[in-house]
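Topology and contacts: notes
Each chain, written out:
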Amino acid sequence: MAAKQKRKLEDLSVDEFLLSGFDSAGEGDSDEEVQKQNGLQKKNKKKDLKSAKGKATEHKEQLSRLKNKDPEFYKFLQANDQTLLNFDDTDTSEDEDEKKYHRLPSALEFSCENKDLHTVVFLETIKVTDKMIEDWKAAMKKEPTPRLFREVTQAFKAAVATTKGEGGAQCRYKVADSSVFNALVLFCIRDIYVALQRMLNLKPDKDQKKLVLPSSSPKWQKNQLDVKMYLSGVVQLLSCLTESTVISAVLRHANQLAPYYLCLPKQCRHLVKQLMKQWSTGEETSRVLAFLALNKICRHKQETYLNPILKQMYISYVQNCKFTSPNVLPMINFMQRTLTEMYSLDTQATYQHAFIYIRQLAIHLRNAMTMKKKETYQSVYNWQYIHCLYLWCRVLSSLHPSDVLQPLIYPLCQVIIGTMKLVPTSRYYPLRMHCCRALTLLSSSTNTFVPVMPFLLEILQQVDFNKKPGRMSKKPINFAVILKLSKVNLMEKAYKDGLIDQLYDLILEYFHTQASSIGFPELSLPTVIQLKAFLKECKVANYCKPVRQLLEKVQENSSHITGRRQKAAFGVADATAVAAWEKQIKEEGTPLSRYYSQWKKLREKEIQLEISGKDRMEDLELPEIKRRKIQEKKVEDKKEFKDLFESDSESDSDDGELKIKGKLRLTYAHSPIEIGMPRSFTCGTVL
Amino acid sequence: MGPPRSKKRRPTFRRLLKTSGVKLENKLKNRTLKQQNVAKKQRKEQKKLRAAVKDAAIRTPRPLETYRNRPEEEEEEEFLETLPTDMMEEDDVQQMTAMARQASFITRDLSACGPVHGGKKRSADAVRSYEKVPRKMVRTEETEVIHLLPIKDQRGVVPQSVERVIEKQPEEEEEEEEEEQAAEEPEQSENEMASLTAEQRETLRVQKINDRKLVIASLGSAVVSDPYRNIKRVKELRGMLMESDPSVAVTVRKLVMVSLMEIFKDIAPTYRIRPLTPEEKAAKVKKETQQIREFEEGLVSQYKFYLEDLEQTIKDWKQQKKKRRQAVGFDSYRGLAEVSVRCLCSLLLALPHFNFHNNIVVVLVPLMNDADKQVSQMCCDAFRNLFQQDKEGGASLAAVRVISGLVKRLNYHVRPELLRTLLSLRIKEVQMKKDMEDTAPTKKFMNNKEKRKKLSRMQRKWKKAEEKLEKELLEAEASESKEKKIKLHTETLNIVFLVYFRILKKAQKSVLLPAVLEGLANFAHLINLEFFDDLLNVLQNLIQSGDLTNRESLHCIQTVFTILSGQGDVLNIDPLNFYSQLYRMLPRLHAGAPNDDIIIVLRCLDAMLTRRRKQVTLQRAMAFVKRLSTLSLHVLPNASVGLLAASRATVHAFPRCDLLLDNEVQGSGFYLAELDEPEHCNSQNTALWELQPLQRHYHPVVRRLALHLSHGAPSEGSAALGALSRKSPAELFNAYSVRDMTFNPPVAPPGSKKKDRFGFGASLLDAELQGRVDNAMTTAAVATETQLDFNAAHLH
């Protein structure tokens, strides 16, 4: 069998290549294959080779003819196989040899045009058995040779082909048994990478910075075709898997193979498409792994991949954050973080992206401001918009000491403040709180001053806490997953309870970030006045207590700073001395920061409790979750980048899931702490 | 309906304020009653006429021949107009001209639009005259057209005028097109109509409307092309206001109203037409003069009747509304009335110099307070524009008078918008203080004695000529009109203040208070000195009552300080209380509150600190600077910029404020940030530490200003402001407004061309994420080692 194999190899290398060429078109190629099968006959190869000289010009003619003859198919090609159409200029990165071969298949591809050009039929297909796999495994362990690798690749391809549902007639092998399939794929994803490395004599990269590309190996030319076939197979496999653990395994394999993908642009593009899908909609581990692969690809070939990938990632981020619920929130969070990582790769490119998208947000806002209609302000007051604001806050704050991105802080702040001031009614308090959180994050980590307090104090001023609630409510309101309160909500007791809690959190959070500022006493002056006024007015003991506590802490901190700065020996103009002083104060700790860290610990405990409570509840309320899943999927299909912000978004508050016994504040910390990330993935809700 | 104004001297303010309200009310009531009576009489007559006309229209069967006739007339007219005039001989032309003049005499005598007749006579034979209209039209048409031709030719104006009409008419119709949509349905189907299907009826209606439009267009163009000859056509056109075919009545009426409005705007002269005295009538005059007189008379009477019609339409609508009777569809009444109001508004603006302007004002002012929002909006806008564009002040005065009467009559239950229109009065330009006029240097001419003493003969001669010339120049310069203007403005403003003061005194709780305070703040520099005492007291009480919103209090403070910074500086009052008020209010004006309040604060500060620097203690100034900087931490960026600029101005006015930049303790005591007394808060013992966070502000301009201030607001050096320093705080506030989401200054390009490096090698920035990634990798690796089931793919 080996001998036969060898002969075939020598004879049929062109045909072999053809196959790989077809496969490389990925899942979109089924049409071509069908056509090819029609003309599947063995004919003389001389003509075949001759016509190979026809080269690109001829191919182009064919294509233009095709365009006239069968426009639909041409369109299909345009959509799915750009390389075929732009035949001449693609793949220039590949070697000369490669080019020579590469032209052949294209001349062959359309049997409707060239009846005389054909591929080889494998007369007898070999059925893969467990025994064969064992043999291959052993052989691989011993000495991976190109021939062996080719056999395995062929088998793997056959296996993958079965997933498409049409028997791999053109393959040399056949995989019929599911256990064989399993064994083969498992073998591949376990051993192929090491074998390939050995075969190509690639040493594992020593310093992490530089990736050793397999194309640098002298043996690369010979094995390129097989590698290509194999990589296409992996992508194909990835596209049809559904179970998360399996996907993760394959993704890990793809991660290993990333350097190989980098050498083959077409395969890489297909891979990126799959990765994008996994990143935005997959399970937790697969998301992480997909992100890792994307990151790897971008890191090592920035100039080609970074911009399109960033764009696609942003778009799928926006598409996937239309609905916000306790379950989805961690995923949105994850996407924000990973996107931030991607944006950190090249700040110049990031500036361009951020500039355009922030401007887009500003334009939406301006339209809403000038039109003053319900439809237009709903294009701003939705989850997608808020999550985008938050994303950019996170990006700018994570990439803080950056001269390139620094100028973007100003427009972003202005947009966020403008958003808050657009419809400053009580129904949109939750939205305002989201904005305040984003601003607090941004201002604290970029050391920029942004006035946040006034917007919180306004709430305290506007709401009459003395008024008795119109109705009692069972459920607390989860402010983290709503943007807008219903009219009924506004009358509930839970609304005012939640409001006080939220304000407490937000004020404390903000003052914590400013606690060691030399201007703290001035910063807190209106707050102190307002809180005092509140205590004077308010008759509800439950509300007075936290407010009084807050007031005390703020005043304490204020007097601490005042005392310290009175002893300072420098003037107002001395910026460096002030900076040093602030640093020192920060290190020493202020009363507020000490209190804050205590409070934070407590809070985290509460949140943990909340999560466990939530889990319990989720077990009981499975049907509800399912319903949402269906609904969301439906909507998701329709989404387009165009109408990103157009329709109003929905927020599932899932109040029931957060119900906990005992007195607990029901909030969801957006900022640094990540809650329930691992756990909420387990509930099986796929976005 | 002339303006029957008593020439009695108006009581002065002071007196008005002191005399009892009841007395005043009675006085005004009497006056308005008198007015009303006169108006009522005339309206009654008009109504009678209307009723008669209606009766006639209903009784007489539809004069079908009018439809038939009109198109023919059109054709005829056109035909005649296109006759080649050059075929005529010179003699013929003269003959025809003579004939034409005669004919015009005849027509004038016969037509009903002759010299102004008494109302009663008119109403008596109204029916007959109306009946005449169509028949007469035929005849006049012929004669008129015939004369027209040669005359036009002679003057050589034919092409121009015709062109003008053609371009004018379509646009008019366009604007009217929309109104047709609102036209009412034909409810009363006549016998012939009943037999028709809905479609046919509709087409018939459209056709009718088109016919009418053509008629209107031809009449209108005739009038506009030669108003002196064709003033009678206006009457015909006006006759169409009585259109009684129910299917098209509303539409046609609207069309006619708007067309007439445009026509009057076009042909009305730029002067006021006065009635002729009997002597003048008796005297013989030239033919041209006679023609002009006829035209004027006709115009005035037609204009009057037209205005009466409009008024009547509005009144009908009002009554309809009250009775809630549903006769001809309430909507159509409403539509008609709205169009009338619109016509009146546009006439109000277009012809403020012309006759009957006062009458228009009298009609429109009550409508400003109408329950219908659209109508009141329209009227308020019209008056606002009138005030803005009124240069002489006469029209404004009349309007203000009526407004004040209305406000009083309704016992201050009016819309605030009505009072806000007064804010548009253009009185700021004129210095209306009497003492100013007195002190103004009047040019004295030397008397003879002096001249002889000082000057040589030649010089005297020169001087004489010069003086004569100067005197003439002065006269020509309309210095008289300026005086008149000032007089008018003074009177207007007196009335405005009268309204304001009355409200302040009697109706403090009304919704008008904000408008009043705003108005006072606006005109504060023009208030007479003698009122200051009372006014200050009233405002003081208002502020201390604590019922006012921030904005109202700010208006109070602004009023006080505008007064004091103007002529009030002689008063030597220290309004300490108002300083404390503003000081107390400042922390409440943070970004959560409306941002526009800040602009008033900036205006106040300018008057309080910078202009009155002599009267303000250093303590107070420093306290204000401190609080302003504190406030600038809590407002939107443009307000921050404005406030910082205001502190900068204060620092310049009080150089000793640099104490605030040092960290040294002066004297005893601590700074009491929460104390609301600027004098006693020990502001000398604090420093402007808030400038530090402000230097980290997200807005670039705020950063720059903060840096500038922290270096003591130097005029040169690295911390200097440059071009920014030339703008006032209020200007800066407006320049950096974020209201329409513009980015001023524009967003800067990337700070450097280099890429920033984040993270090293393959590790991620986010440590937690890195952990999770590692975790995922190991999980996946473990999974790979264990048995995996790929069959899902198969089954799938």
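Residues numbered from 1 in each chain as written. Chains lettered and ligands numbered in written order. Predicted model: local features only at pLDDT ≥ 70, side-chain atom pairs only at ≥ 80, totals over all residues. Heavy atoms only, no water.

**Quick word on the overall build of chain A**
Our working rule: For helices the rule is a DSSP run of H or I covering at least 4 residues; for strands it is a run of E covering at least 2, with both sets numbered from the N terminus onward. Three labels apply to residues, based on accessible area from a 1.4 Å probe with only protein chains included: buried if under 20% of the type maximum, exposed if over 50%, partly exposed otherwise in between. Contacts are assigned to residue pairs that have any heavy atoms within 4.5 Å of one another.
When helices and strands are tallied, chain A shows 32 helices and four strands. Expressed as a percentage of the 687 residues in chain A, the buried residues total 61%. A fraction of 77% describes how many contacts in chain A between residues 6 or more apart in sequence connect residues 24 or more apart.

**Some details on the overall build of chain B**
Selection rule: All accessible areas in this document rest on Shrake-Rupley with a 1.4 Å probe, and a residue is counted as covered only by the protein chains that are shown.
Secondary structure assignment for chain B yields 34 helices and zero strands. Classification of the 796 residues of chain B by burial places 49% in the buried group. Nonlocal contacts in chain B, meaning residues at least 24 apart in sequence, comprise 76% of its contacts between residues at least 6 apart. Carbon and sulfur atoms make up 53% of the accessible area of chain B, which totals about 41300 Å².

**Observations regarding the nonpolar core**
The cut-off we apply is this: To form a nonpolar core, buried Ala, Val, Leu, Ile, Met, Phe, Trp, Tyr and Cys residues must be joined to one another through side-chain atoms within 4.5 Å.
Ranked by internal contacts, the top residues of the largest apolar core, which has 367 residues, are Trp136, Trp279 and Trp392 of chain A together with Tyr306 of chain B. In terms of residue count, helix α11 (residues 178-199) of chain A provides more of this core than any other element does, twelve residues in total. In this view, Trp136 of chain A contacts Val128, Leu148, Glu151, Val152, Ala155, Tyr173, Leu184 and Phe187 of chain A; residues no more than four positions away in its chain are not counted.

**Brief notes about helix α33 (residues 767-785) of chain B**
Residues and elements named next belong to chain B. Using the following cut-off: In this scheme, a helix's expected span is set at 1.5 Å multiplied by one less than its residue total. This arc is built from the directions going out from the helix axis to the C-beta atoms.
Taking 1.5 Å of rise per residue, the 19 residues of α33 would be expected to cover 27 Å, and the 27 Å separating its terminal C-alpha atoms lies within 8% of that figure. The complete set of buried residues in α33 reads Leu769, Gln770, Arg772, Val773, Ala776, Ala780, Ala783 and Thr784. All buried residues of α33 lie within an arc of 160° about the axis, which places them on one face of the element. Opposite the buried face of α33, by more than 90 degrees, sit the exposed residues Ala767, Val782 and Glu785.

**Description of the packing of aromatic side chains**
All names here are of chain B. The test is simple: Here the aromatic set is Phe, Tyr and Trp, taking the six-membered ring for Trp, and pairing holds for ring centres within 6.5 Å; pairs whose planes are under 30 degrees apart are stacked, those over 60 apart are edge-to-face, and all others are tilted. By definition, being over a ring means that NZ of Lys or CZ of Arg is both within 6 Å of the ring centre and within 35 degrees of the ring normal.
Enumeration over the complete set of coordinates arrives at 31 aromatic pairs over all chains. Ring geometry for Tyr228 against Phe295: centres 4.7 Å apart, planes inclined by 50°, an arrangement best described as tilted. Pair noted here: Tyr228 is in helix α10 (residues 227-239) and Phe295 is in helix α13 (residues 287-323), with a separation of 67 residues, a long-range link. One aromatic cluster is present, built from ring pairs that chain together Phe264, Tyr303, Tyr306, Phe354 and Phe356. Its guanidinium or amino end placed over the ring of Tyr579, Arg620 lies 4.3 Å from that ring's centre, counting from NZ or CZ. If you follow Arg627 out to its NZ or CZ, it ends over the ring of Tyr583, 4.1 Å from the centre.

**Side note on the pattern of salt bridges**
Residues and elements named next belong to chain A. Stated formally: What counts as a salt bridge is simple: a side-chain nitrogen of Lys or Arg found within 4 Å of a carboxyl oxygen of Asp or Glu.
Applying the stated rule across the entire model yields 33 salt bridges over all chains. For the salt bridge of Lys131 with Asp135, the shortest nitrogen-to-oxygen distance reads 3.2 Å. Placement of both Lys131 and Asp135 in helix α9 (residues 130-142) is noted, with a separation of four residues, approximately one turn of the helix. For Asp135, a relative accessible area of 39% puts it in the partly exposed group.

**Comments concerning the state of the cysteines**
Operational definition: Cysteine sulfurs are considered disulfide-paired once they come within 2.5 Å of each other.
According to the stated counting rule, one finds zero disulfides over all chains in the structure shown. Distance from the sulfur of Cys544 of chain A, which forms no disulfide, to the nearest cysteine sulfur (Cys538 of chain A) is 3.8 Å. Its relative accessible area of 7% is what places Cys544 of chain A among the buried residues. Just so you know, Cys556 of chain B is unpaired, no disulfide at all, and the nearest cysteine sulfur is the one on Cys604 of chain B, 9.9 Å from it.

**Some words on the packing of helix α16 (residues 284-300) of chain A against helix α17 (residues 302-320) of chain A**
For any two helices packed against each other, the geometry comes down to the angle between their axes and how far apart the axes lie. All names here are of chain A. Heads up, the condition is: Working convention: axes come from line fits to C-alpha atoms, limited for helices to the stretch in contact. Angles between N-to-C directions cover 0 to 180 degrees. We call two directions roughly parallel when the angle between them is under 35 degrees, roughly antiparallel when it is over 145, roughly perpendicular when it lies between 65 and 115, and oblique otherwise. Gly counts as polar in this scheme, as do all residues outside two lists: the nonpolar Ala, Val, Leu, Ile, Met, Phe, Trp, Tyr, Cys and Pro, and the charged Asp, Glu, Lys and Arg.
Relative to each other, α16 and α17 sit at 140°, their axes nearing to 6 Å. In terms of axis orientation, α16 runs oblique to α17. Across the interface between the two elements, Leu294, Ile297, Cys298, Arg299 and His300 of α16 pack against Gln302, Tyr305, Leu306, Ile309 and Met313 of α17. When the residues that make up the contact of α16 with α17 are grouped by side-chain class, the tally is seven nonpolar, two polar and one charged.

**Observations concerning the interface of chain B and chain A**
Counted only if it meets this: Each polar contact in these results corresponds to two N or O atoms within 3.5 Å; when the atoms are within protein, one needs to be able to donate a hydrogen and the other to accept it, and residues that are neighboring in sequence are counted only if both atoms are side-chain atoms.
On the side of chain A, 95 residues touch chain B, which itself brings 80 residues to the contact. Put simply, chain B and chain A have three salt bridges between them. Of the charged contacts, one joins Glu674 of chain B and Lys532 of chain A as a salt bridge, the two residues approaching to 2.6 Å between their closest N and O atoms. Counting every contact that joins chain B to chain A gives 17 residue pairs in polar contact (both at pLDDT 80 or more). Those elements that place two or more of their residues in the side of chain B that touches chain A are α28 (618-632), α30 (691-694), α31 (700-710), α33 and α34 (791-795) of chain B. Tallying contributions element by element places α33 of chain B first for the side of chain B that touches chain A, with eleven residues.

**Points about α11 of chain A**
Residue and element names in this part refer to chain A. What counts here: Two axes define the bend at a residue: one fitted to the seven residues ending there, one fitted to the seven starting there, and the bend is the angle between them.
Helix length check: α11 (22 residues) gives 29 Å between terminal C-alpha atoms against 32 Å at 1.5 Å per residue, within 8%. At Asp191, α11 shows its largest kink, close to 45°. Backbone geometry just after α11 places Asn201 at a positive phi near 55°.

**Here we look at the environment of Val285 of chain B**
All names here are of chain B. Relative to the elements of secondary structure, Val285 occurs in the loop between α12 (278-282) and α13. Note on Val285: relative accessible area 33%, which makes it partly exposed. Here Val285 is in contact with Gln290 and Arg293, once residues within four sequence places are set aside.

**Remarks on the side chain of Asp372 of chain B**
Residues and elements named next belong to chain B. Along the chain, Asp372 turns up in the loop between α15 (357-368) and α16 (373-389). Given a relative accessible area of 11%, Asp372 falls into the buried group. At 2.6 Å, the side chain of Asp372 forms a polar contact with the side chain of Arg334. The contacts of Asp372, once residues within four sequence positions are left out, are Trp317, Arg334, Glu338 and Arg415.

**Re the environment of Asn295 of chain A**
Relative to the helices and strands, Asn295 of chain A resides in helix α16. In the structure, Asn295 of chain A is positioned 50 residues away from Leu345 of chain A in sequence and 8.8 Å away in space, judged by C-alpha atoms. Beyond its immediate stretch of four places on either side in the chain, Asn295 of chain A contacts Met342 and Leu345 of chain A together with Leu764 of chain B.

**Here's the deal with a nonpolar patch on the surface**
For clarity, the threshold we go by: Surface patches are drawn from residues lacking salt bridges whose relative accessible area is over 30%; two like charges belong together within 9 Å, two nonpolar side chains (Val, Leu, Ile, Met, Phe, Trp, Tyr) within 5 Å.
On the surface, Tyr228, Tyr271 and Ile292 of chain B cluster together into a nonpolar patch covering about 270 Å² of accessible area. Along the polypeptide, Ile292 of chain B turns up in helix α13.

**Description of the packing of helix α24 (residues 532-545) of chain B against helix α25 (residues 550-565) of chain B**
Residue and element names in this part refer to chain B. Selection rule: Helix crossings are classified by the rotation of the near helix relative to the far one: an anticlockwise turn of less than a right angle makes the crossing left-handed, while a clockwise turn makes it right-handed.
Interaxial distance between α24 and α25 falls to 10 Å at its minimum, and their mutual angle equals 155°. Here α24 is positioned roughly antiparallel relative to α25, judged by the angle of their axes. Note on packing geometry: the crossing formed by α24 with α25 is left-handed. Every residue of α25 that contacts α24 at Phe532, Leu535, Leu536, Leu539 and Ile543 is listed here: Ser553, Cys556, Ile557, Thr559, Val560 and Ile563. Of the residues belonging to the contact of α24 with α25, the class tally is nine nonpolar, two polar and no charged.

**Notes on the confidence of the model for chain B**
Residues and elements named next belong to chain B. Applied cut-off: Each residue gets a pLDDT score, which is the predictor's confidence in that residue and runs from 0 to 100.
On average, residues of chain B carry a pLDDT of 74, and 70% of them reach 70 or more. Contacts from residues 435-442, a stretch scored under 50 in pLDDT, to residues over four places away or in other chains number one contact. Predicted complex metrics record ipTM = 0.70 and pTM = 0.68.

**So, unusual backbone geometry**
For residues that are not glycine, phi is negative in most cases, and the peptide bond is trans in most cases. All names here are of chain B. With an omega of 0°, the peptide bond between Asn744 and Pro745 qualifies as cis. Among the structural elements, Pro745 can be located in the loop between α32 (729-735) and α33. Its identity as a non-glycine residue notwithstanding, Phe356 has a phi of 65°, on the positive side. Relative to the helices and strands, Phe356 is located in the loop between α14 (330-350) and α15. On the basis of relative accessibility, which here comes to 13%, the residue Phe356 falls in the buried class.

**Regarding the confidence of the model for chain A**
A low pLDDT means the predicted coordinates there should not be read in detail. Residue and element names in this part refer to chain A. Of all residues in chain A, 69% attain a pLDDT of 70 or more, and the chain-wide mean is 74. Taken together, the stretch residues 616-644 has pLDDT below 50 and engages in 39 contacts with residues farther than four places along the chain or on a different chain. Contacts of residues 646-687 to residues separated by more than four positions or lying in other chains number 130 contacts, the stretch itself having pLDDT below 50.

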